[in-house]
Amino acid sequence: MSTRSGEAGTDPARRGRFVALEGPDGAGKTTQVAAVASALGALVTREPGDTALGAQLRRLLLESRGEAAPGRRAEALMMAADRAQHVESVIEPALAAGRHVVTDRFTGSSVAYQGYGRGLDPLEVLALSHFATAGLEPDLIVLLDVPVAVTARRLGEVRDRIEAAGDGFHERVRTGFLAQADVDPERWVVIDGTAAADAVAAAVLDAVRSRLGVPS
Ligand code: TYD
């Protein structure tokens, strides 16, 4: 069950299941999110930028350059603000109404990018995200793992502010994702994202169905 500490009221048996896809830039998440969501009949959503406020935050986060670019703590807070709005106005109402939700990125991205990537304390970033989500956690987190050499090739030269960080940053991000999966194998499943899109989709769907007990 998607968990939300300290909340009472809705019947937990009727809540939708909540799945997050995580992975580095260029892992192919967007394609896989669409495939899983269509198989489950789930709502598709993403971070940052799914709400009206989030769309503005996304632009500020990814397009600001020079003096206007957020520092690492501001970046972490803006990601958290996007997530707070996303949970409150999109994810939680859907789950409470019994709808499954598949999100392209969630807390795991903040821990990997702002924690491991930018060098903030991953536990502080996690605590900030916990505040933003009021404790909501995915039932299952699917990590599409792809080596940096492969994602760098897929991304090419045209990159947003975060994608444009160096290979060292993206190596730390990958390490951060794998470390989170390592300490919480009940919630995380790691899928090799280097295979052909169809094979990855089959592996992801298989994991989602078996881990969540959703019938095919
Ligand atoms: P995404 O939309 O997945 O990228 P794209 O548009 O290329 O598919 O994510 C945008 C960027 O935001 C990506 O580089 C990862 C970054 N990000 C963080 O750094 N922290 C976060 O908490 C989230 C949700 C995203």
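Preceding block: the structure.
In this text, all values refer to a predicted model and were calculated from it rather than measured experimentally. (Residues numbered from 1 in each chain as written. Predicted model: local features only at pLDDT ≥ 70, side-chain atom pairs only at ≥ 80, totals over all residues. Heavy atoms only, no water.)

Caption draft 1: The arrangement of the packing of aromatic side chains in detail. Taken as a whole and assessed by the stated rule, the structure comprises 3 aromatic pairs. Relative to F106, the ring of F18 has its centre 5.1 Å away and its plane inclined at 85°; by these criteria the two rings are edge-to-face. With F18 in strand β1 (residues 18-22) and F106 in the loop between β3 (101-104) and α4 (107-117), the pair connects residues that are 88 residues apart, well separated along the chain. A single burial state applies to F18 and to F106, both of which are buried. Arranged with centres 6.1 Å apart and planes meeting at 80°, the rings of Y113 and F177 form a pair that is edge-to-face. Pair noted here: Y113 is in helix α4 and F177 is in helix α7 (residues 167-183), with a separation of 64 residues, a long-range link. (Phe/Tyr/Trp six-rings, centres within 6.5 Å; stacked < 30°, edge-to-face > 60°. Helix = DSSP H or I, 4+ residues; strand = E, 2+ residues; numbered from the N terminus. Buried < 20%, exposed > 50% of the residue type's maximum accessible area, 1.4 Å probe, protein only.)

Caption draft 2: Geometry of the sheet that holds strand β5 (residues 188-192). Across the sheet, 5 strands lie side by side as β2-β3-β1-β4-β5; this open sheet has parallel pairing. If you trace the sheet from one side to the other, it starts and ends with β2 (43-46) and β5, each paired once. Strand-to-strand, the axes of this sheet are offset by a mean angle of 20°, without reference to chain direction. (Pairing = 2+ DSSP bridges. Axes fitted to C-alpha atoms, helices over the stretch in contact; angles between N-to-C directions.)

Caption draft 3: Spatial organisation of helix α6 (residues 148-155). Of all the positions in α6, only V148, V150, T151 and L155 are classed as buried. Angularly, the buried residues of α6 cover 160° about the axis, an arc narrow enough to put them on a single face. Exposed and facing more than 90 degrees away from the buried side of α6 are A149 and R153. After α6 finishes, the residue G156 shows a positive phi value of roughly 70°. (Arc of directions from axis to C-beta.)

Caption draft 4: Spatial organisation of helix α8 (residues 197-212). Between the first and last C-alpha of α8 there are 22 Å, a value that for 16 residues agrees with the 22 Å anticipated at 1.5 Å per step. All of the buried residues in α8 are V200, V204, L205, A207, V208 and L212. Seen end-on, α8 carries its buried residues on one side only, within an arc spanning 160°. Those residues of α8 that are exposed and angled more than 90 degrees off the buried face are D198, D206 and S210. Packed against the buried residues of α8 are β1, α1 (29-40), β4 (140-145) and β5. Positive phi appears at G213, one or two residues downstream of α8, with a value of about 70°. (Expected span 1.5 Å × (residues − 1). Contact = heavy atoms within 4.5 Å.)

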